[in-house]
Amino acid sequence: MAYDVLIIGSGPGGYSAAIRAAQYGLKVAVVEKSPKLGGTCLHVGCIPTKAMLHSAEVWDYFKHADAHGVHCDNPRLDLSLVLERKNGIVNKHAKGIEGLFKRAKVEWIAGYGTLLGNGKVQVQSDKGTQVVEAKNIILATGSEARMLPGMTPGGNLLTNIEILNMKEVPASLAIIGAGAVGVEFASIYSRFGSKVTVLEMLPRLVPVEDEDVSKELERSFKKQGIRCETGAKVDKIDTAGAKVKLSITLSTGKTEVIEADKLLVAVGRKPNTDKLGLEKTKVATDRGFIVVDEYQQTAEPGVYAIGDIVAGTPQLAHVATMEGMVAVAKIAGKATRPINKNRIPGCTYTEPGIGSVGLTEAQAKAKGFKVKVGKFPFLGNSKATILGSHDGFVKVVSDEKYGEILGVHVIGPHAYELIGEAVTAMEAEATVDTMVATIHAHPTLYEALGEAFNAVYGQAINA
Ligand SMILES: Cc1cc2nc3c(=O)[nH]c(=O)nc-3n(C[C@H](O)[C@H](O)[C@H](O)COP(=O)(O)OP(=O)(O)OC[C@H]3O[C@@H](n4cnc5c(N)ncnc54)[C@H](O)[C@@H]3O)c2cc1C
């Protein structure tokens, strides 16, 4: 019997969509090629990196505990236990998804799925090949790390997959790419003791963020001893010896050869769409990414796409999940609305952390808004003093005319949690005045948001 919904891929997009489809009473199955459910996010992305970032934070606490009157003689970092803890978290959550599937009666079909056209999907596994039929198909096959031309990961050359299982902390680590993945690994391994160099071709770190955020991250990273080379071009990589040799041209035009024990390539992710049988359908692509309408529908009737494979939305777990919600609601005939791309929080879990939503100052100006900015530094926030974490600020980008909140950019302690208030405010169409009237508890980090909204009027108290 045909399924109401067949989903290919069990990442945060696919597995969440499956559960929602079951909640709507639809007959649903998920095709997954990996032996475990959960996708990139759970196994080699969001969760393991955040587990390791937390371990780096704990290690940092102990190294600086003397200032709190807590003397920890001879603290040691045992990377094998860091990895064991990380793997434990990942496996627990993978089992958790299996449990959710059983409870919701979502069927897991193990194997590699390819489209055959006309609602048919071929699933290939070591047990053989079967053809499954479905009224609706959701493609949620995610992405994989892009490699530099002619290079294959292994040995000293790492992607997000290999670096998550290094047996030792390398004495030196070079990272190509200063997007979220690159800077998060920089933040992990520099705190673990590696000498880290970040190389970015574009003129700034985290290039999608507000320019002020990029500057502050670079300032803070340099203070922590991380070498940051923006506007740098990697001319040649030699992985033949014990150390990787990188010939680079710096932004100044000077050339240099950098040696590192390991090299992480973090230059973006390519969509897993090339072996999906798209040619047997009308599904349209743009440089490998699937083109969808506002309800995630592709050009092939009954075929939807969500998550990292979709053209025009950022490759983030919560985007994949929300796109799944929209697709399934559309299939089930439930009320839904398209994703508002301007209200997607972007979070980078470095030290200091980054959380942002909406337009950057430059984008708002380019769109013709009469921009008013309110900025408040964590230096003026008492909870940040208590935490000993003063780097960063909150920046509100607003439109002068109606006090519309156009964007909020936070860099600083727990920025990725603090941004939640701004996302909710924008979703509820709160204005700067609403946020000025909102009582913020004291002493908290989120008081800094209240102060930044007041700063739009030049009326922050503690600045
Ligand atoms: C190091 C790193 C850190 C990250 N940190 C964050 C973070 O903190 N926050 C955040 O929001 N995002 C983060 N991301 C991005 C996030 O992981 C992705 O946006 C998210 O996983 C995308 O979800 P998805 O459902 O589209 O696909 P995926 O999670 O990639 O899952 C796709 C699934 O489909 C399966 N599959 C693929 N092809 C087939 C096929 N033909 N047949 C059957 N199965 C198939 C795969 O095995 C996989 O299980 C991070 C990414 C990386 C690499």
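The sections below set out a description of the structure shown in this document. (Residues numbered from 1 in each chain as written. Predicted model: local features only at pLDDT ≥ 70, side-chain atom pairs only at ≥ 80, totals over all residues. Heavy atoms only, no water.)

Grouped together as the largest cluster of nonpolar side chains are 34 residues, with contacts concentrated most on Tyr-189 and Phe-192. At the level of secondary structure, the elements contributing two or more residues to this core comprise α3 (46–63), α4 (79–104), β9 (172–176), α6 (180–192), β10 (195–200) and α7 (211–223). Take this core: its biggest share by element is six residues, from α6. Leu-418, Ile-419, Ala-430 and Val-432 belong to the second largest nonpolar core, which has 29 residues in total. (Core = buried A, V, L, I, M, F, W, Y, C linked by side-chain atoms within 4.5 Å. Buried < 20%, exposed > 50% of the residue type's maximum accessible area, 1.4 Å probe, protein only. Helix = DSSP H or I, 4+ residues; strand = E, 2+ residues; numbered from the N terminus.)

For the rest of this paragraph, the subject is the pattern of salt bridges. This structure, assessed with the given rule, holds 24 salt bridges. In this structure, Glu-98 and Lys-95 form a salt bridge, with 3.7 Å as the shortest nitrogen-oxygen distance. Placement of the pair is Glu-98 and Lys-95 together in helix α4, with a separation of three residues, close to one helical turn. When its relative accessible area of 56% is taken as the criterion, Lys-95 is described as exposed. Of the charged contacts in the structure, one is a salt bridge between Glu-361 and Lys-395, with a shortest N-O distance of 2.6 Å. Of this pair, Glu-361 sits in helix α9 (residues 361–366) while Lys-395 sits in strand β23 (residues 393–399), and the two are 34 residues apart along the sequence. According to the relative accessible area criterion, Lys-395 is buried, its value standing at 1%. (Salt bridge = Lys/Arg side-chain N within 4 Å of Asp/Glu carboxyl O.)

Let us look at the layout of surface pockets. In this structure, the second largest pocket spans a volume of roughly 750 Å³. Forming the walls of the second largest pocket are 25 residues, and the residues nearest its centre are Asp-60, His-64, Glu-351, Gly-388 and Ser-389. Secondary structure elements with two or more residues in the lining of the second largest pocket: α3, α6, α7 and α10 (382–387). Among the residues making up the lining of the second largest pocket, the classes are represented as eight nonpolar, 10 polar and seven charged. (1 Å grid on protein atoms, 1.4 Å probe; cavity = no way out; pocket = protein on both sides within 12 Å on 5 of 7 lines; lining within 4 Å. Points joined across faces, edges and corners; volume = space filled by probe spheres on them. Nonpolar A, V, L, I, M, F, W, Y, C, P; charged D, E, K, R; others polar.)

As a further point, take the side chain of Thr-298. Mapped onto the elements, Thr-298 comes out in the loop between β18 (289–290) and β19 (303–305). Classification of Thr-298 as buried rests on a relative accessible area of 11%. Polar side-chain contacts of Thr-298 include one of 3.1 Å to the backbone nitrogen of Glu-300. At 2.7 Å, the side chain of Thr-298 forms a polar contact with the backbone oxygen of Val-303. Residues in contact with Thr-298, not counting those within four places in the same chain, are Val-283, Ile-290, Val-291, Val-292, Val-303, Tyr-304 and Ala-305. (Polar contact = N/O pair within 3.5 Å; in protein donor to acceptor, adjacent residues only side chain to side chain. Contact = heavy atoms within 4.5 Å.)

Read from one edge of the open sheet, five strands run β8-β15-β9-β10-β11, paired in parallel fashion. Of all strands in the sheet, those bounded by a partner on one side alone are β8 (157–158) and β11 (227–230). Bridging between β8 and strand β15 (residues 262–265) involves two bridges; their strand directions are parallel. For Leu-157, the partnering residue across the bridge sits in β15 and is Leu-263. (Pairing = 2+ DSSP bridges.)

One key point about sheets: their strands pair by backbone hydrogen bonds, in either a parallel or an antiparallel sense. Spatially, β20-β21-β24-β23-β22 is the arrangement adopted by the five strands of the open sheet, whose pairing is antiparallel. Every other strand in the sheet has two partners, leaving β20 (346–348) and β22 (371–377) as the edge strands with one partner each. Between one strand axis and the next, the sheet turns through 10° on average, direction left out of account. (Axes fitted to C-alpha atoms, helices over the stretch in contact; angles between N-to-C directions.)

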